[in-house]
Structure formats: C-alpha cells, structure tokens
Amino acid sequence: MMSIARLLIRRVVLLVALLAAVFAAIDLLPGDAARAVLGRDATAAQLAAKEHELGLDRPLPVRFLEWISGVATGDFGRTARGRSIDELLADKFPPTLLLGGLAFLVTVVASLLLGGWWSARRSLATRFLQPTTTAAAAIPEFVIATLLILVFSLGLGWLPAVTITGRSGFPAGPDMLVLPVLALAIPQIGWNTRVVRAALLDSARSPHVESAVLDGLSTTSVLTRHVLPFALPTIVASFATTVGMLLGGALVVETIFNYPGLGAVLAGSVADRDTSLIAAVVALTGVVIMAMLALADGIRAWASRGRI
C-alpha cells in the first residue's frame, strides 16, 4: 500500500513538472495571448493593458504558481478571451471522454479476442495477424482516419465524414462515432494484440501450467486459473498505457472529423497562445491517465497476491 502511495505522489510531482514545462514552452513561442486576442491593429497601449489584465507582465514562475494554486482548489482560471476554463472543459471534455472510452472498450475487447486466438492457433493466426498488427500499430491515427474517410465515406458512402453536433453537445447520431472510434482504436488494437499474445504465451510456458495440463484439468480451467492470472499484470499495464495514447490521439482525430471535443479547444488555445487553457487540458488528461494507472497498479497488486 505504501509503495502505491509513493508511486502516486511521484506521478503527481511529474504532472506538476509537466505543467511547468507547458507554461515555459508556450512562453517561448513567438507572439503572445494579448496580440492573438486583440489582433494586428491593436495599439501599444491596448496591448500593454491586455498584457496586464492577463498577467503577462509578471514573471513566468509567479504566473505558474498562481495558476497551480488555483488548480489545487478546482479553479482553472479564465481563457485569454475571458471565458471560464472550468465551464469550457465541462462542455467539451465529456464528448472527448465518450470518444476515448468507446475506443478503449473496442481496443480491450478486440485485443483480448485476437490475442487469445493468436496464442491458441499460432500457425493460422500468425500468417494474418503478424503483418496486420504490425501495420496497424505503425500507422498514425490521422493516416488511418484519412483512409477510413476515403473508403467508408467518400467511396462507399456508408458513414459520415463530418460530425454534426446535437443540442446536447454530443454527436447528433451514433453513426458519427464509428469512424473516429475506429481511427483511434485500430493502432492500439495492433499494439495490444501483440502484448496480449506475448503475455499469454509467456504465462503458458510456466511450469505450473504444464503441471495443470498433466493433471488433466480442462482447457478452460487452465486458462482462467493458471494462465490469465499470470498474464494479467502485463496486459493491464499495456491497457493503462493505451489510455494516454487514446486521449492524445483523440485531440488529432477530433480535428479531422470536426468532433465536438477538446481537439478544437486545444487547437484554438495554441493559436491564441492561451497558456492557462493549454495547461488545463494537459492537467485534465493527466489526471485521467493517472487514475487509470492507479487502477492498473491495484489490479497488478491483486494479481500478484493471487500468485502467492
């Protein structure tokens, strides 16, 4: 328990360091939020007033400490254009969470099924899955998204290429989720299928599994009681890492499909040099990733106790 707590503290410190790096990186970019908001025709006096309003005339460490102290109380501040960041994230993060959650579910189910089939029927599955999973894992999400649009939207006309937002702020129809979910899930399915197969094969070679087979236990019993518990920590760790990849990829995929999530928010915040908004998006996604990693740590600890 203490080791998990120390690991959690270490991850929180790492997240704070990452947020500090985001502040520094945005500060090094040409231009600033005052110029981006007021435009090229703004006078020097207007720029100076806006910079003072946004706190840009203060040292970077002071701005970061003020912002991070507000985050600790649940206040992300306001955007460079004056909108509450809390309200903006409340509007835009749920659709991104829906997209990433569906892609994660598809990834888990497909990877377990394909990895299990590959480990059980090696010669047949290897001819198909070896090149397929390698290609899927290597191709970026935006390339897969483009190919899916060309085939299923422009070519066959089965699915829409652009997302229309309903009154709820979510896509107007479930068919608009299919291509974005597949664009996110396919690379992760390719990677995790290989991880699941390797973990199952490595666990199946353990002496206790051979003993269980020699004792005449059924295939189902050997798999559920002797193979999966030993393979579970590796598989769970891979799936936990996948969460970060899915959230990062979602920001790109959302832009391609005009999806109503954090992707457009992040693109606009970069254009506005809006440091607080960019850092808020990073902080929110970082918290979700940390929560999944903590869950994975708990599952691995439970599985490890089951081995003893």
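Reading the values: rules and limits
- Residues numbered from 1 in each chain as written.
- Predicted model: local features only at pLDDT ≥ 70, side-chain atom pairs only at ≥ 80, totals over all residues.
- Heavy atoms only, no water.
- Helix = DSSP H or I, 4+ residues; strand = E, 2+ residues; numbered from the N terminus.
- Buried < 20%, exposed > 50% of the residue type's maximum accessible area, 1.4 Å probe, protein only.
- Contact = heavy atoms within 4.5 Å.
- Areas by Shrake-Rupley, 256 points an atom, 1.4 Å probe, with all protein chains shown as cover.
- Core = buried A, V, L, I, M, F, W, Y, C linked by side-chain atoms within 4.5 Å.
- Expected span 1.5 Å × (residues − 1).
- Bend = angle between axes of the 7 residues up to and from the residue.
- Phe/Tyr/Trp six-rings, centres within 6.5 Å; stacked < 30°, edge-to-face > 60°.

Got a minute to help me understand the overall build of the protein chain in this structure?
What the protein chain contains, in helices and strands, is twelve helices and zero strands. In sequence order, the secondary structure elements of the protein chain are arranged as α-α-α-α-α-α-α-α-α-α-α-α. Burial status across the protein chain gives 39% buried among its 308 residues. Contacts in the protein chain between residues at least 24 apart in sequence constitute 73% of all its contacts with a sequence separation of at least 6. Taken as a whole, the protein chain presents about 16400 Å² of accessible surface, with 68% of it coming from carbon and sulfur.

What's the story with unusual backbone geometry in this structure? I'm lost.
We note that Asn-258 has phi near 55 degrees; this positive angle belongs to a residue other than glycine. By the element assignment, Asn-258 lies in the loop between α10 (219–257) and α11 (262–271).

Just to check I follow, could you spell out the nonpolar core for this structure?
Nonpolar side chains tend to gather and get buried jointly when the protein is soluble and globular. The biggest cluster of nonpolar side chains holds 24 residues, and the ones touching the most others in it are Leu-19, Trp-67, Phe-76 and Leu-89. Of all elements in the fold, only α1 (2–28), α4 (60–72), α5 (85–120), α11 and α12 (275–307) reach the threshold of two or more residues within this core. Tallying contributions element by element places α12 first for this core, with eight residues. Residue contacts for Leu-89: discarding those within four places in its chain leaves Phe-76, Pro-94, Leu-262, Ala-280, Val-281 and Leu-284. Core analysis: the second largest hydrophobic core is formed by 21 residues, Leu-148, Ile-149, Ala-185 and Leu-246 among them.

I'm lost on helix α8 (residues 175–204) in this one. Help?
Because each turn of an α-helix spans 3.6 residues, side chains separated by three or four positions in sequence point in the same direction. Compared with the 44 Å implied by 1.5 Å per residue over 30 residues, the 40 Å span of α8 between its first and last C-alpha is a close match. Bending of α8 peaks at approximately 30 degrees at the position of Ala-185, with proline Pro-187 no more than four residues after it.

Would you mind showing me how to read the packing of aromatic side chains here?
The relative placement of two aromatic rings is captured by the distance of their centres and the angle of their planes. Within this structure, the stated rule accounts for five aromatic pairs. Relative to Trp-67, the ring of Phe-23 has its centre 5.4 Å away and its plane inclined at 50 degrees; by these criteria the two rings are tilted. Of this pair, Phe-23 sits in helix α1 while Trp-67 sits in helix α4, and the two are 44 residues apart along the sequence. Overall, Trp-67 belongs to the buried group, its relative accessible area being 7%. An aromatic cluster is built from Phe-23, Phe-64, Trp-67 and Phe-76, whose rings are joined through pairwise contacts.

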